[in-house]
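# Fold and geometry: a report
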2 protein chains.
Amino acid sequence: MNATVADLIAKHRPTLDAALGAIRSREYYTRFPDSPKAYPAQAQDEALAEFQARRGRLWSWGQTGADGTKVGGERSPYGFDLEYTYDHMDPDVLLPAMGAAIPAWRDAGAEARAAVCIEILTRLNARTYAMAFAAMHTTGQAFMMAFQAAGPNAQDRGLEAVAYGFSALNAHPDRAVWEKPGKGEPVRLAKKWVAAPRGIALVVGCNTFPTWNGYPGLFASLVTGNAVVVKPHPRAVAPLALTVETAREVLAEAGFDADLVALAPEAEGEPLAKTLALRPEVRIVDFTGSNEFGDWLEQNARQAQVYTEKAGINTVIVDSFRAEEYPAALGHLAFSLSLYTAQMCTSPQNLLVPRDGIRVGDEVKSPEEFAADLGKAMDRLLGDDARANAILGAVVNPFVLDRLERAAEVGKTVLASRAVPHPEFPDATVRTPLIAAVDAMDAEVYTHEWFGPISFVITTDSTLDSIAVYRDTVKAHGALTAAVYSTSEDVLDAAEEATWEAGANLSINLTGPVYVNQSAAFSDYHGTGANPAANATYADHAFVAGRFRFIQSRRPA
Amino acid sequence: MNATVADLIAKHRPTLDAALGAIRSREYYTRFPDSPKAYPAQAQDEALAEFQARRGRLWSWGQTGADGTKVGGERSPYGFDLEYTYDHMDPDVLLPAMGAAIPAWRDAGAEARAAVCIEILTRLNARTYAMAFAAMHTTGQAFMMAFQAAGPNAQDRGLEAVAYGFSALNAHPDRAVWEKPGKGEPVRLAKKWVAAPRGIALVVGCNTFPTWNGYPGLFASLVTGNAVVVKPHPRAVAPLALTVETAREVLAEAGFDADLVALAPEAEGEPLAKTLALRPEVRIVDFTGSNEFGDWLEQNARQAQVYTEKAGINTVIVDSFRAEEYPAALGHLAFSLSLYTAQMCTSPQNLLVPRDGIRVGDEVKSPEEFAADLGKAMDRLLGDDARANAILGAVVNPFVLDRLERAAEVGKTVLASRAVPHPEFPDATVRTPLIAAVDAMDAEVYTHEWFGPISFVITTDSTLDSIAVYRDTVKAHGALTAAVYSTSEDVLDAAEEATWEAGANLSINLTGPVYVNQSAAFSDYHGTGANPAANATYADHAFVAGRFRFIQSRRPA
């Protein structure tokens with residue numbers, strides 16, 4: 001082990017131990033603070049200058065396999081071209097180089113790899129403001145959300161994956177003497193185990209949360225000894241370019257081959273994710289995105305372990321409220337439906353309300369009254385353009401706008417979407433959510449995901465019926481999150497029982513500063529792998545255990 | 001929790017803790033002794049009487065879903081019909097009943113399920129002699145091997161799976177309070193996690209080791225909260241019928257629905273494994289058997305997690321011996337090639353010998369001389385018919401005989417197979433192994449499995465070439481085991497490095513009472529999941545972690 005690696009282990013072992021403790025308790029833990037106050041004040045301006053300076057220039061680090069062509073074309077949802085370009089890769093050169101880098105990385109052992117991974121995360125943390133600008137202008141997130149979600153929250157998710165990987169790698173010692181008692185001398189065998197990585201791991205990045213959704217797979221694969229090729233979404237390359245650049249710096253400094261982590265951006269119209277996913281060297285795929293491509297990967301990338309996080313129909317069961325909590329709950333729901341223009345895979349979509357109405361204190365509110373109250377709460381939340389911009393961010397791509405147009409034709413529009421002008425970026429595309437009212441019989445409307453700021457108030461026959469609709473639609477079509485509002489413990493119990501079957505993560509009676517859309521690393525699971533919305537979760541042992549294999553040798557001792 | 005379950009926990013918690021300790025140390029541990037001396041002397045005669053008494057009668061326990069038809073037709077490889085019959089099932093009745101049994105089993109919790117599983121194993125242990133006769137007369141194993149492999153060794157593998165499952169289920173507490181510090185009051189959420197099973201697990205039994213290969217999946221699924229339907233191989237129903245009968249007794253006594261474990265034997269010509277594997281309720285499949293069906297399952301049972309143990313080409317690299325160890329090594333290899341007529345998925349097939357010969361002390365032996373020496377060792381081992389019968393057992397099915405006939409036409413026969421008469425069972429089919437010599441260029445001969453007593457002495461260009469052939473053929477075609485004989489640490493290092501890439505489990509210079517074919521529960525992995533011979537191993541966290549999912553609910557605390 002070289003001095004750098006030894007230093008990194010000494011530096012990061014306390015963090016690793018704290019993270020290991022957190023995944024075992026699942027109590028509150030964070031390594032990377034998400035308050036801007038925790039970061040140097042001048043960092044924001046420096047990062048903005050860096051962001052601007054990169055425009056019009058090639059962002060390159062001499063990666064093995066660069067084929068001389070350049071790719072680019074990112075456009076900010078705030079209305080301007082990024083003018084970033086990147087090296088395009090030849091997989092026939094890149095992948096063999098990555099494969100050749102693996103044995104030394106494998107032989108370094110779990111603790112060294114964990115320390116290198118944590119150093120990468122720590123360096124990424126120091127570049128959080130740079131990441132915030134890169135994320136804001138690729139995903140459309142408002143600045144503060146981009147700062148938190150693409151920065152420290154993603155870094156925490158990465159650290160969580162490192163902890164799970166390290167935990168799995170350390171299931172037992174790497175040597176043991178097996179001594180079987182017998183009549184005379186015992187039989188003794190000296191046994192040795194090597195945690196052999198599967199090979200090259202492919203991370204297919206998404207448009208909306210390239211780092212938050214990318215880091216769990218990236219760091220789970222890396223800590224378990226694999227090399228990782230990152231194929232970013234063509235609209236969100238910069239955040240992962242920053243990530244790969246940082247990872248390669250750290251790897252090289254620690255004496256490893258920088259090609260253990262590589263960026264492979266695609267040319268326009270190039271089906272690079274498919275090409276890479278079917279390469280025999282690619283033995284792991286992590287994907288976040290559409291059901292269509294996720295299902296394709298699961299069906300076709302048979303040489304690989306495939307971890308997918310796809311789409312679902314996140315559901316809210318609305319049953320009853322204490323009178324004094326109703327306004328807060330409405331405001332809370334309005335925020336959940338508005339945050340990042342509901343372009344989160346965790347944003348609620350289907351709100352199930354019983355036909356005979358919901359109880360609010362001593363009152364009963366009809367589904368129409370509830371929908372109207374929610375619409376008013378939305379207007380209050382988003383009435384001020386500055387606040388609306390800070391919450392909504394920008395529309396990430398034109399498909400969301402198309403969907404908004406189509407949604408205006410569905411059911412009865414309870415709340416129409418409006419365009420919000422942005423004072424700083426006049427060409428930004430900012431929209432408020434649309435809410436439509438439909439009946440539980442209109443299943444063809446609400447049993448697929450309407451990704452974006454579209455939700456449905458769905459009239460059901462009763463709360464029991466709501467729970468059945470929730471259970472059955474989520475089992476069939478998937479969901480990452482669910483919520484229930486009720487003052488009845490019986491209803492909550494029934495909602496929980498349905499949840500264990502439907503396999504969503506349930507939030508109960510939330511009115512405070514944690515939203516159903518949000519999951520905290522080290523404590524909240526993101527996805528469950530138990531319904532069609534995802535076949536994996538961030539993070540648990542199932543997410544890491546298949547990324548390597550214990551291989552054994554034994555000999556007489 | 002009822003009193004029976006509480007008693008079982010009190011009774012079996014020490015065993016569980018010992019097993020948990022063993023999987024963490026991977027040192028020697030066994031719960032179920034495999035010496036007949038550890039069992040009551042009269043048990044053998046009683047078990048034989050039971051075995052005979054069952055002939056000609058229906059073996060039934062009133063399982064839900066019995067459709068009134070009976071299936072049977074097992075024939076002992078020792079030359080007589082078993083005359084056992086079993087209830088045939090209607091999946092449309094059986095599977096819903098099994099599904100309905102799951103929630104109470106899930107809610108019982110990990111410790112209760114582990115205790116019930118260990119009680120099942122303990123009861124099976126008490127019926128080891130009965131299992132021995134059932135296994136002998138379905139698999140063809142000699143009596144002592146059937147006793148050990150189908151009895152205590154299988155029970156230990158089952159306990160190992162229970163320990164891994166329990167360990168995975170206990171990754172963290174089932175409740176936690178998450179408290180995020182803030183400016184004022186901290187945000188507090190009470191979180192709850194339920195380990196939700198995937199659903200119904202299907203175990204597809206094999207002909208040769210129905211319990212040893214069946215128990216890991218059966219108990220891994222059961223302890224993680226699933227129901228398990230066992231589809232036995234039509235030639236080896238009895239060992240799994242005994243298993244299911246015992247499991248159902250224990251489940252019912254402990255207050256659970258007996259339908260949590262069910263037997264589904266197939267009618268002649270009925271593709272029941274395929275039918276069950278594609279049922280939407282079946283969410284886990286464990287399979288041991290042919291590449292053809294294993295690959296089919298992996299490709300088609302997409303609604304399920306599929307764990308397969310298929311075929312491979314187990315390889316021995318022969319490089320050099322100390323003179324005084326050579327005779328013992330030859331005798332050892334001869335035994336490995338003969339045990340249970342090499343009808344083990346772990347039996348060696350390909351022996352790689354360098355063209356210029358192997359060093360034995362100061363001598364050099366040509367490949368031909370090595371092959372002749374091995375042939376002589378085989379003759380010594382099997383020259384006495386009584387000993388030959390005790391080692392070989394009987395040929396499990398006619399396909400093995402067909403293969404032996406075809407093998408006689410391949411390469412140069414170094415050692416011909418002969419029929420061995422059996423004093424007790426005149427119609428038993430007993431054969432000694434065949435060894436053929438081929439060249440490394442004859443890859444079409446040795447790059448697929450010749451299941452049964454067929455092996456090849458393959459001449460390579462050098463030991464380095466042998467290692468390359470080993471690595472490349474095993475990466476491409478799979479292997480469960482590998483062995484190397486060498487006095488050179490450099491050769492052993494190179495063989496190990498090739499092993500980490502090829503993903504087989506390597507035995508080095510074995511000459512004693514542990515054979516390359518054998519893997520000890522709690523210490524040796526069986527299969528790696530790292531090459532085409534298997535996508536899973538007995539057992540590790542990857543084998544259990546995907547059999548359940550943590551599902552979460554959270555609410556303000």
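In this text the structure is predicted, and so the values were computed from the model without any measurement.

What counts, and where the lines are drawn
Residues numbered from 1 in each chain as written. Chains lettered and ligands numbered in written order. Predicted model: local features only at pLDDT ≥ 70, side-chain atom pairs only at ≥ 80, totals over all residues. Heavy atoms only, no water. Helix = DSSP H or I, 4+ residues; strand = E, 2+ residues; numbered from the N terminus. Rg over C-alpha atoms; globule rule 2.2 N^0.38 Å. Contact = heavy atoms within 4.5 Å. Areas by Shrake-Rupley, 256 points an atom, 1.4 Å probe, with all protein chains shown as cover. Buried area = accessible area lost by both parts, 1.4 Å probe. Salt bridge = Lys/Arg side-chain N within 4 Å of Asp/Glu carboxyl O. Polar contact = N/O pair within 3.5 Å; in protein donor to acceptor, adjacent residues only side chain to side chain. Nonpolar A, V, L, I, M, F, W, Y, C, P; charged D, E, K, R; others polar. Core = buried A, V, L, I, M, F, W, Y, C linked by side-chain atoms within 4.5 Å. Buried < 20%, exposed > 50% of the residue type's maximum accessible area, 1.4 Å probe, protein only. Expected span 1.5 Å × (residues − 1). Axes fitted to C-alpha atoms, helices over the stretch in contact; angles between N-to-C directions. Parallel < 35°, antiparallel > 145°, perpendicular 65-115°, else oblique. Left-handed = near helix turned anticlockwise from the far one by under 90°. Pairing = 2+ DSSP bridges. Right-handed = clockwise from strand over helix to strand, strands pointing away. pLDDT = per-residue confidence, 0-100. Least-squares fit on C-alpha atoms with pLDDT ≥ 70 in both.

## Describing the overall build of chain A
Of the regular secondary structure elements, chain A holds 19 helices and 23 strands. For chain A, whose C-alpha radius of gyration is 25 Å, the value lies close to the compact-globule estimate of 24 Å for 557 residues. Across chain A, the fraction of contacts at a sequence separation of at least 24, relative to all contacts at a separation of at least 6, is 76%. With the model as given, the accessible surface of chain A reaches about 18900 Å², and the carbon-plus-sulfur share is 52%.

## Things to note about the interface of chain B and chain A
Taken residue by residue, the interface counts 71 residues in chain B and 72 residues in chain A. Surface buried jointly by chain B and chain A totals about 6000 Å² across both partners, of which 52% is contributed by carbon and sulfur atoms. On the chain B side of the contact with chain A, Tyr28(B), Trp500(B) and Arg554(B) bury the most area, a combined 14% of that side's loss. The interface formed by chain B and chain A contains ten salt bridges. Ionic pairing is found between Lys192(B) and Glu496(A), a salt bridge with its closest N-O pair at 2.6 Å. Seen at the junction of chain B and chain A, the total is 40 residue pairs in polar contact (both at pLDDT 80 or more). Ranked by the residues each element gives to the side of chain B that touches chain A, the list is headed by strand S23 (residues 548-556) of chain B, at eight residues. When grouped by side-chain class, the residues that make up the side of chain B that touches chain A number 33 nonpolar, 18 polar and 20 charged.

## Topic: the nonpolar core
In terms of nonpolar packing, the biggest core is built from 344 residues, with Phe219(A), Phe370(A), Phe219(B) and Phe370(B) touching the most fellow members. Those residues in contact with Phe219(B) that sit more than four places away from it in its chain are Cys117(B), Ile120(B), Leu121(B), Leu124(B), Gly158(B), Ala161(B) and Val162(B).

## What about helix H5 (residues 128-139) of chain B?
Residues and elements named next belong to chain B. With twelve residues, H5 extends 15 Å between its outermost C-alpha atoms, agreeing within 8% with the 16 Å of an ideal straight helix rising 1.5 Å per residue. With twelve of its twelve residues buried, H5 lies for the most part within the structure. Regarding H5, the residues found buried are Thr128, Tyr129, Ala130, Met131, Ala132, Phe133, Ala134, Ala135, Met136, His137, Thr138 and Thr139. One or two residues past the end of H5 sits Gly140, with phi positive at roughly 85°.

## With respect to the pattern of salt bridges
In the structure shown here, the tally under the stated rule is 74 salt bridges over all chains. Between Arg157(B) and Glu160(B) there is a salt bridge whose closest N-O contact spans 2.7 Å. Placement of the pair is Arg157(B) and Glu160(B) together in helix H7 (residues 152-169), with a separation of three residues, close to one helical turn. The exposure class assigned to Arg157(B) is buried, which follows from its relative accessible area of 0%. Using a relative accessible area of 0% as the deciding quantity, one classes Glu160(B) as buried. A single salt-bridge network, built from bridges that share partners, covers Lys11(A), Glu119(A), Arg123(A) and Glu253(A).

## Considerations on the packing of helix H12 (residues 326-338) of chain B against helix H13 (residues 367-382) of chain B
Residue and element names in this part refer to chain B. At a minimum axis distance of 8 Å, the contact between H12 and H13 shows a crossing angle of 70°. By the angle class used here, H12 and H13 are roughly perpendicular. Crossing handedness for the pair H12 and H13: right-handed. Facing H12, whose interface residues are Tyr326, Leu330, Gly331, Leu333, Ala334, Phe335, Leu337 and Ser338, H13 presents Phe370, Asp373, Leu374, Ala377, Met378, Leu381 and Leu382. The residue makeup of the contact of H12 with H13, split by class, is twelve nonpolar, two polar and one charged.

## A short note on the environment of Val282(A)
Residue and element names in this part refer to chain A. Checked against the element boundaries, Val282 lands in strand S11 (residues 282-288). By relative accessible area, Val282 is classed as buried at 0%. C-alpha separation for the pair Val282 and Gln303, spaced 21 residues apart in sequence, amounts to 7.5 Å.

## Examining the pairing of strand S8 (residues 200-204) of chain A
Residue and element names in this part refer to chain A. For S8, the tally of buried residues reaches five of five residues, placing the bulk of the element in the interior. Burial along S8 is two-sided: Ile200, Leu202 and Val204 and Ala201 and Val203, pointing in opposite directions, are all buried. Bridge count for S8 against strand S9 (residues 227-231) is five bridges, and the pairing is parallel. Within the sheet, the bridge partner assigned to Ala201 lies in S9 and is Val228. On the question of chirality, the crossover connecting S8 to the parallel S9 by way of helix H8 (residues 215-223) is right-handed. Relative to S11, S8 runs parallel, the two sharing five bridges. If you follow Ile200 over to S11, its bridge partner there is Val282.

## A look at the confidence of the model for chain A
The predicted coordinates should not be examined in detail at positions where pLDDT is low. Here chain A shows a mean pLDDT of 97. Residues at 70 or above account for 100%. Interface confidence in the predicted complex, given as ipTM, is 0.96; pTM for the same model is 0.97.

## What about the relation of the copies chain B and chain A?
Superposing chain B onto chain A takes a rotation of 180° combined with a translation of 0.0 Å along the rotation axis, leaving an RMSD of 0.0 Å. Accordingly, the operation relating the two chain copies is best matched by a two-fold axis. Closest approach to the rotation axis within chain B is made by the C-alpha atom of Ala542(B), at a distance of 3.2 Å. Both copies share a contact surface, since 100% of the interface residues of chain B are interface residues in chain A too.

## Examining the sheet that holds strand S23 (residues 548-556) of chain A
Two modes of strand pairing occur in sheets, parallel and antiparallel, and in both the strands are linked by backbone hydrogen bonds. If you walk across this open sheet you meet the ten strands as S6(A)-S7(A)-S23(A)-S22(B)-S21(B)-S13(B)-S15(B)-S20(B)-S19(B)-S18(B), and the pairing is mixed. Edge strands, defined here as strands with exactly one partner in the open sheet, are strand S6 (175-180) of chain A together with strand S18 (412-415) of chain B. Averaged over all adjacent pairs, the angle separating strand axes in this sheet is 25°, with direction ignored. In the sheet, S23(A) pairs with strand S22 (residues 505-508) of chain B via two bridges, with the strands oriented parallel. When the bridges of S22(B) are listed, Arg554(A) appears paired with Ser507(B).

## A look at the environment of Gly56(B)
Position of Gly56(B) relative to the elements: it lies in the loop between helix H2 (43-53) and strand S1 (58-59). Here the alpha-carbon distance between Gly56(B) and Tyr84(B), two residues 28 residues apart in the chain, equals 5.8 Å.

## Digging into the sheet that holds strand S10 (residues 261-263) of chain B
All names here are of chain B. Spatial ordering of the open sheet is given by S10-S9-S8-S11-S12, a layout of five strands whose pairing is parallel. Of all the strands in the sheet, just S10 and strand S12 (305-309) have a single pairing partner and so form its edges. Each neighbouring strand pair of the sheet contributes to a mean axis angle of 15°, computed without reference to strand direction.

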